[in-house]
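# Remarks on the overall topology
What follows is the residue order along each chain.
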Protein chains: 2
Amino acid sequence: MGKKKNILIIGGGACGPKTAARARRLDPDAQITMIQDELFISYAACGLPYYISGAVAARNALLVRDALAFKKISNVDVLVKTRVDGIDRAAHRINVTDLSDKRQYTLDYDKLVIATGANPVVPPIKGINLQGIHVLKSVPDADEIITLISESVTKKAVIVGAGLIGMEMAEALTARGLAVTMVEALERVLPAVLDAEIADLLANHMKNKGVTLKLGQKIVAFEGEDGKVRRAITDKESIEGDVVIFAIGVRPDSKLAEDTGLDIGPQGDILVNEYLQTSDPDIYAGGDCVANVNLITGHRVFVPMGSTANKHGHVIAANITGGKEKFPGIVVTACVKVFDFNTGRVGLGEKQAKDAGYEVVTGMIPGPDKPGYYPGSREIILKLIVEVKTRRILGGQGTGPGDVIKRIDVLAAGITMGMTVDTLCDLDLAYAPPYNSALDVLHHLANLVRNKLEGRTTGIKPAEVKEKLDKKEDFVLLDVRSRPEWESTRIEAPQTLLLPQPKLSEDMNRLPHKEIVVMCRRGGRAYQAACTLKSAGFQDVKFMEGSLTCWCDEVCGKPIL
Amino acid sequence: MGKKKNILIIGGGACGPKTAARARRLDPDAQITMIQDELFISYAACGLPYYISGAVAARNALLVRDALAFKKISNVDVLVKTRVDGIDRAAHRINVTDLSDKRQYTLDYDKLVIATGANPVVPPIKGINLQGIHVLKSVPDADEIITLISESVTKKAVIVGAGLIGMEMAEALTARGLAVTMVEALERVLPAVLDAEIADLLANHMKNKGVTLKLGQKIVAFEGEDGKVRRAITDKESIEGDVVIFAIGVRPDSKLAEDTGLDIGPQGDILVNEYLQTSDPDIYAGGDCVANVNLITGHRVFVPMGSTANKHGHVIAANITGGKEKFPGIVVTACVKVFDFNTGRVGLGEKQAKDAGYEVVTGMIPGPDKPGYYPGSREIILKLIVEVKTRRILGGQGTGPGDVIKRIDVLAAGITMGMTVDTLCDLDLAYAPPYNSALDVLHHLANLVRNKLEGRTTGIKPAEVKEKLDKKEDFVLLDVRSRPEWESTRIEAPQTLLLPQPKLSEDMNRLPHKEIVVMCRRGGRAYQAACTLKSAGFQDVKFMEGSLTCWCDEVCGKPIL
């Protein structure tokens, strides 16, 4: 037997500890050392917003395992508060500094794992260093933000960036009693995650919960007093606040790798092959510092996610202990809870799909997440993106107070396996009233997309209808709901006409022979009515997908969901 | 154009109305008539237990659409309280009787759809006709059961059959204040649905909720007074009760089809091809009166389910209006809520898989359905069945207070698409603390099964350990939990030894070199410890899968879950 294998792991977040623990199980003899620049290792970083909000009461609950436990249970040496200064690839050695006493020394390796994660992007905006402006990455960040909140004078917070962390922080700060204004440079919330239809529904919900959204605005400066931030200045206005969360995105922490000459990808990611091996065969990298193959397009995408980091660790552990496992890639699944709405996405968005060259057909449907008669039934709104040529599902997303995430996970499994919309129509999902309707919203959605693919029906998005109304186009917006529904909430426009569905057949002679857009509450009756009208000879009939439930304009006066 | 197509649909449950409504959308001109022997059509039959329990307050909530609405909205003629007496295939004509006035007449068809559903099996047991013994199929059944409950003198109920309906009724009758005894001829609850490990965990929960289970007992008679049932007599004992629910299973209602000479399958099902067409090309059948292809084995199985019936209706509607759609089959997904446990299954059970000729490896794992630190995290226990040769997932099942059903639905999608255990290991499921841990229990489960496939670890089921203890075998049952855990609950046996995991490495020299079964609370530490022991040279080491969490014996004294 040769000498014991020397494994060094840089980074103690998610991928690092996972690698270390499994490497120990696979190789009982190896010398395994994990190096972390801060005090904490292996903590639930994704739980920090819930610690800040108060939903998770004790910070300790987020600390999975400390250095001592790691040594006892997995026989892994953990060097905390230790910085890696450089990698000498030729000598198979790294230079480190003990941050407690500034002592410098070297460590040798046979296999090196870089799991340095990602860092929040913080551009050199004027005033960015004022006290009260904070990113959220680590446990100390969270502690400092909690202090900031408690010391806030104005009780007003500004969140810069409507990405996943920004959205979670909007809920957390609101829960802490702050008035939150969110600034996002792009025109919708979660712009990298959601299509506009879904994002706008979520944005409506946030407004209902008291969050002020400033979309399409860029931060240009921060202003303060006595070194403390007092307001954020955008290209359009000035926004008061003495707590500022800066969350415009993260970038792979690939400096060490770059400095030692490893190949770096176009997104600043450490380039790895399917074994998560870098351009140096003795160095592996995983977690938020690498990109992943998008299993749909085959392109490499930078989508940092704690779940992926854990899977990376699992694979790397095998490969540095003599195994050969692959990490195939991701389908870009993401989810986020924002107040009472559950939101998720998987695969490609509609625009992403089109940009990638796919001809697509989409559908959007609201529906209850279990039968309406069963207690606790709640609404969900789902969108599906399907390739016309292959009928393959390319993506799906949804939002609403109901169980959106189950459907996203089902689609994640389906998309990973190349499922077509036809298979989704007949998919044998679990059915019992406490869990689901006999047909899931996914089934109705798949049927809708299939009907569109077959040319059986023509849909139109609520936002497109809005545009037609704004342009004062000449068409009929035919509402087929009941009169009481109409009297409670309706779209006020000269084009609107009420003709309740049960009397549609007898009354349709009142309709002019021009473009007709049929609407109801959720789209179901509108779909049915559109079929009836088409059969009766009306040529230009569309139904408004999602109808009033997906109508994001303020004309409704009150929230539908 | 020819004359209008004449479509007759026999049955107004789930498949019938679905067929009628979609056929109307696809063919605006057809004459569509639906015939139902009772008053109600298109009601949520699966919701009846929840109406009985009181969870669904208003019966009307279960009535989806009545005959009048069906006429107005879909222009379908509905003949309620009308019995079909026979089918004259040569004449394309059926004979019916109006049950209100006994008037007999005929109806012609071009296409006939048989959606007659299934009937509860009621064998001619002595005393079966006593008042107080009831099946649950229809709305009037539910009303009569509610009356029975209110008139119950003993407040004791007997449920015969621990299938899906029996289980739902156990909860419903308990909720109504009755003391419930459940009698099942086979040795476990949900014998057709669950493997023993999962079924026994669910049975434990039912016992904790006050249900008395009489498994492995056959009903031989009922006895009563004044024509009213007072007790059920099994082959082993006499059980008091004046409310008896008889739910031992259902059989396809294929009498009409059989009488007219259509091909009937071995399970009494109306034989249909993939277009749901019977042996007569102008007659289709769907819903609970037909069997379905099991997509894993290719065999036809009789698994009546409201969800499948709706999908059948969708397909039949296309095929009777000139289209050509297929219904490929099912993966035998099922779920049921029983008190606080959510239970589901999909694919093949372990024994079913072995009986079908597959060599399988299985795994079982408990875990929280979202991170333990997040409020509302609850335990789930999942089992996976994988084919050794192809590594394909054949089945999965689970139970527990947490969100089991999401995982079942993910597996349903995966199994339908032929997913392997390796793909499940890396499946990109949605991750955020309110919804899931970074690695889902499904990931841990897939990793476990893969490790077993690769020979990296050896598992043993709790029931097998119990058997070894009962046989007084010579081995070590090594508990690696902490001393406080041990003192709170432990398996009392001379073979048991406590050696907490953090001190395992230093203390393992105390262990004898014989067969060692390692256990902890959920199996995670035991797995880790088993790796450590194997590495240290112990030859015969197994870890107990699911450990104490999946231990169904009473030795624990109190429920773990």
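About the thresholds
- Residues numbered from 1 in each chain as written.
- Chains lettered and ligands numbered in written order.
- Predicted model: local features only at pLDDT ≥ 70, side-chain atom pairs only at ≥ 80, totals over all residues.
- Contact = placed C-beta atoms within 7 Å.
- Helix = DSSP H or I, 4+ residues; strand = E, 2+ residues; numbered from the N terminus.
- Nonpolar A, V, L, I, M, F, W, Y, C, P; charged D, E, K, R; others polar.
- Axes fitted to C-alpha atoms, helices over the stretch in contact; angles between N-to-C directions.
- Parallel < 35°, antiparallel > 145°, perpendicular 65-115°, else oblique.
- Left-handed = near helix turned anticlockwise from the far one by under 90°.
- Pairing = 2+ DSSP bridges.
- Least-squares fit on C-alpha atoms with pLDDT ≥ 70 in both.
- Domains from an automatic or database assignment.
- Expected span 1.5 Å × (residues − 1).
- Buried ≥ 20, exposed ≤ 12 C-beta atoms within 10 Å, placed from the backbone.
- Core = buried A, V, L, I, M, F, W, Y, C linked by C-beta atoms within 7 Å.

Our next topic: the interface of chain A and chain B. At the interface, 65 residues of chain A touch 65 residues of chain B. Mapped by element, the contributors of at least two residues to the side of chain A that touches chain B are α3 (67-74), α8 (306-319), β21 (334-338), α10 (404-416) and α16 (524-535) of chain A. Per-element accounting of the side of chain A that touches chain B gives the leading share, nine residues, to α10 of chain A. Tallied by class, residues from the side of chain A that touches chain B come to 41 nonpolar, 16 polar and eight charged.

At their nearest, the axes of α10 of chain A and helix α10 (residues 404-416) of chain B sit 8 Å apart, and the two run at 25° to each other. For the element pair α10 of chain A / α10 of chain B, the angle class is roughly parallel. With respect to the hand of their crossing, α10 of chain A and α10 of chain B are arranged in right-handed fashion. Taken together, the residues of α10 of chain B that come into contact with α10 of chain A (itself represented by K406, D409, V410, A413 and G414 of chain A) are K406, D409, V410, A413 and G414 of chain B.

The next subject is the sheet that holds strand β16 (residues 243-246) of chain B. Residue and element names in this part refer to chain B. The sheet built from five strands is open, its strands ordered β9-β16-β10-β11-β12 with parallel pairing. Each of the sheet's edge strands pairs with one partner strand only, and the pair in question is β9 (133-134) and β12 (212-215). Both strand β11 (residues 179-184) and β12 contribute to a ladder of four bridges, which runs parallel. Note that in β12 the partner of V183 across the bridge is K214.

This part takes up the relation of the copies chain A and chain B. In screw terms, the move from chain A to chain B is a rotation of 180° and a rise of 0.0 Å along the axis, fitting with an RMSD of 0.0 Å. Given the turn and translation reported, the copies of this chain are related as if by a two-fold rotation axis. Of the residues that chain A buries at the interface, 100% are likewise interface residues in chain B, meaning the two copies contact each other through the same surface.

Moving on, we come to the sheet that holds strand β5 (residues 93-98) of chain B. All names here are of chain B. Pairing within the open sheet is antiparallel, and its three strands lie in the order β4-β5-β6. Every interior strand has two partners, whereas the edge strands, β4 (82-88) and β6 (104-108), have only one. Ignoring strand direction, the axes of neighbouring strands in this sheet form an average angle of 30°. Across five bridges, β5 lies against β6 in antiparallel orientation. The residue bridging I94 from the neighbouring strand is L107, located in β6.

Further remarks concern the domain arrangement of chain A. Accessible area lost when the parts come together is the quantity often used to give the size of an interface. Residues and elements named next belong to chain A. The domain architecture assigned to chain A consists of domain 1 (6-117 + 251-319), domain 2 (133-248), domain 3 (340-453) and domain 4 (459-556). Between the C-alpha centres of domain 3 and domain 4 there is a distance of 24 Å. Contact with domain 3, which involves seven residues of that partner, is made by seven residues of domain 4. In terms of residue class, the side of domain 3 that touches domain 4 is made up of four nonpolar, two polar and one charged.

Here we come to helix α5 (residues 164-175) of chain A. Residues and elements named next belong to chain A. For α5, built from 12 residues, the straight-helix expectation of 16 Å at 1.5 Å per residue is met to within 8% by its first-to-last C-alpha distance of 17 Å. With 10 of 12 residues buried, α5 lies mostly within the body of the structure. The secondary structure elements touched by the buried residues of α5 are α2 (48-53), β10 (156-160), β11 (179-184), α6 (196-208), β16 (243-246) and β21. Positioned one or two residues after α5, G177 has a phi angle of 90°, which is positive.

Bringing the pairing of strand β10 (residues 156-160) of chain B into the picture now. Each regular strand shows side chains that alternate between the opposite faces of the sheet. Residues and elements named next belong to chain B. A large share of β10 lies buried, amounting to five of its five residues. Covered by surrounding structure in β10 are K156, V158 and V160 together with A157 and I159, the residues of both alternating faces. Pairing analysis gives five bridges linking β10 to β11, with the strands arranged parallel. Residue A157 lies in a different strand from β11, and its bridge partner there is V180. As paired elements, β10 and β16 share four bridges and run parallel to each other. Across the sheet, V158 pairs through a bridge with V244, a residue of β16.

Here K503 of chain A lies in the loop between β28 (496-498) and α15 (504-507). Sequence separation between K503 of chain A and V480 of chain A is 23 residues; the distance between their C-alpha atoms is 9.1 Å.

Quick look at helix α1 (residues 15-26) of chain B now. Residues and elements named next belong to chain B. Look at α1: 16 Å from first C-alpha to last across 12 residues, which is about the 16 Å you get at 1.5 Å a residue. Of all the 12 residues making up α1, 11 are buried; the element is thus mostly covered by neighbouring parts of the structure. Taken as a whole, α1 has its buried residues at C15, G16, P17, K18, T19, A20, A21, R22, A23, R24 and R25.

It is worth spelling out the nonpolar core at this point. Residues I114 and V518 of chain A together with I114, V160 and V518 of chain B are the most contacted members of the largest nonpolar core, which totals 363 residues. Here V160 of chain B is in contact with V183, I219, A232, V244, I245, F246, A247 and I248 of chain B, once residues within four sequence places are set aside.

Moving on to the packing of helix α1 (residues 15-26) of chain A against α8 of chain A. Residues and elements named next belong to chain A. As a packed pair, α1 and α8 sit with axes 7 Å apart at the nearest point and diverge in direction by 35°. Handedness of the α1/α8 crossing: right-handed. For the pair α1 and α8, contact is made by C15, K18, T19, R22, A23 and L26 and by A309, N310, H312, G313, H314, I316, A317 and A318, respectively. Of the residues that constitute the contact of α1 with α8, the class distribution is seven nonpolar, five polar and two charged.

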